[in-house]
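Below are the chains, spelled out letter by letter.
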Amino acid sequence: MANAFVATFEILSFGAIIVLIVLGLGIIASMMGIFNFAQGEFVLLGAYITYLAYARGLPIWAGMVAAPFVVGALGFVLEALIIRRFYAAPIVAMLGTYALGLIIRESVRGLIGGFYLTVPEPIGGSIDIGAMHISAWRFTIIVITLLVMGGCYLLLSRTSFGLRMRATLENPSLARASGISTPLMYGATFAFGSALAGALIVPVFSLYADLGLRFLIQGFVAVMVGGVGSFIGPVAGAGVIGTLSAALPWVMAPVVADVLVFVLAIVFIKFRPQGLIAGKGV
């Protein structure tokens, strides 16, 4: 019983990390019509900024708070300079964002070399439930993920900013005629999606130059399984992929588990290309 509870907790904590990453990727894909193939490198940047704060003697929380703002600001600049030129050609946008990701990844590689860097958990220790012990930091990640998901949903669906954002992305011409600054809203959307990555990962996973690649692939598959065009779809896909990715290694070799997750996802997309929750389609 205790082992089953601990296994369930580990699965939930890993799934929460995937949800955070896919949330940003899904917002950009669903609301802007492009897949940001640099999202994995935004994850890497968030983790690297957290490490920099720790390496310079600052509290780890300082780096985790600063990372979304720094990565979001970079995303805003990149959208204004590069990404917005590709909205009419989504395939070209995928290639362009992949090239941006490659530049970011190799830049970080030049800064840290081939080393694997670690950051201690800002909340150490464990939570004891009877004879069971669960990581306090992983529990915190689950709580933060739930808060971020709720906050994002309320921001996009219950605020005037979210209304302007959705109006801009649904009908840009009408939004401009209504006095909405569409370039600003596009930049804000891309920055918002970019910022939702990386800061909470580095205490759980070692920091290295290719850190973002594994999460980019899982995030892309999760968005496709969940469905593009809605807020709930990518989150649902992230829950499915994150749960499978964390659960299967408990019963089979991790390498076989990774392959099986992608095979199952491909089969599902083959028979239901619109995903779990069909949106407006992109």
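Here the structure is a predicted model, which means the values were calculated and not measured. (Residues numbered from 1 in each chain as written. Predicted model: local features only at pLDDT ≥ 70, side-chain atom pairs only at ≥ 80, totals over all residues. Heavy atoms only, no water.)

Colleague: Before we go on, may I ask you to explain the overall build of the chain in this structure?
Modeller: Looking only at helices and strands, the chain has 11 helices and 2 strands in total. In terms of C-alpha radius of gyration, the chain reaches 19 Å, essentially the compact-globule figure of 19 Å for 282 residues. Expressed as a percentage of its 282 residues, the buried residues of the chain come to 48%. Within the chain, residue pairs in contact and separated by at least 24 positions form 74% of the contacts whose partners lie at least 6 positions apart. Per element, the accessible surface of the chain, about 13,000 Å² overall, is 72% carbon and sulfur. In the chain, which carries 14 positive and 9 negative side-chain charges, the distance between the mean positions of the two groups comes to 13 Å. (Helix = DSSP H or I, 4+ residues; strand = E, 2+ residues; numbered from the N terminus. Rg over C-alpha atoms; globule rule 2.2 N^0.38 Å. Buried < 20%, exposed > 50% of the residue type's maximum accessible area, 1.4 Å probe, protein only. Contact = heavy atoms within 4.5 Å. Areas by Shrake-Rupley, 256 points an atom, 1.4 Å probe, with all protein chains shown as cover. Lys, Arg positive; Asp, Glu negative; His and termini not counted. Charge placed at Lys NZ, Arg CZ, Asp CG, Glu CD.)

Colleague: Even after reading the chapter, I still don't get the packing of aromatic side chains, so can you show me in this structure?
Modeller: Here a ring pair, both rings aromatic, is described through the centre-centre distance and the interplanar angle of the planes. Scanning the entire structure with this criterion turns up 6 aromatic pairs. Their ring planes at 65° and their centres at 5.4 Å tell us that Phe37 and Phe220 sit as a pair that is edge-to-face. Of this pair, Phe37 sits in the loop between α1 (2-32) and α2 (39-55) while Phe220 sits in helix α9 (residues 211-226), placing them 183 residues apart in sequence. According to the relative accessible area criterion, Phe37 is buried, its value standing at 18%. With a relative accessible area of 28%, Phe220 lands in the partly exposed category. Arranged with centres 6.3 Å apart and planes meeting at 80°, the rings of Phe42 and Phe190 form a pair that is edge-to-face. One end of the pair, Phe42, is in helix α2; the other, Phe190, is in helix α8 (residues 182-195), with 148 residues separating them in the sequence. No difference in accessibility class separates Phe42 from Phe190, as the two residues are buried. The rings of Phe35, Phe37 and Phe220 are connected pair by pair, giving a single aromatic cluster. (Phe/Tyr/Trp six-rings, centres within 6.5 Å; stacked < 30°, edge-to-face > 60°.)

Colleague: I would appreciate a short explanation of the pattern of salt bridges in the present structure.
Modeller: Note on pairing: side chains with opposite charge can pair once their charged atoms come close. The final tally for this structure, using the stated rule, is 6 salt bridges. Where Glu79 meets Arg84, a salt bridge forms, and the shortest distance between an N and an O atom there is 2.8 Å. Looking at Arg84, the relative accessible area reads 30%, which means it is partly exposed. Residues Glu106 and Arg109 are paired through a salt bridge, measuring 3.0 Å at the closest nitrogen-oxygen approach. Taken together, the residues span about one helical turn, with Glu106 and Arg109 both in helix α4 (residues 90-112) at a distance of 3 residues. Look at Arg109 and you get partly exposed, because its relative accessible area is 28%. (Salt bridge = Lys/Arg side-chain N within 4 Å of Asp/Glu carboxyl O.)

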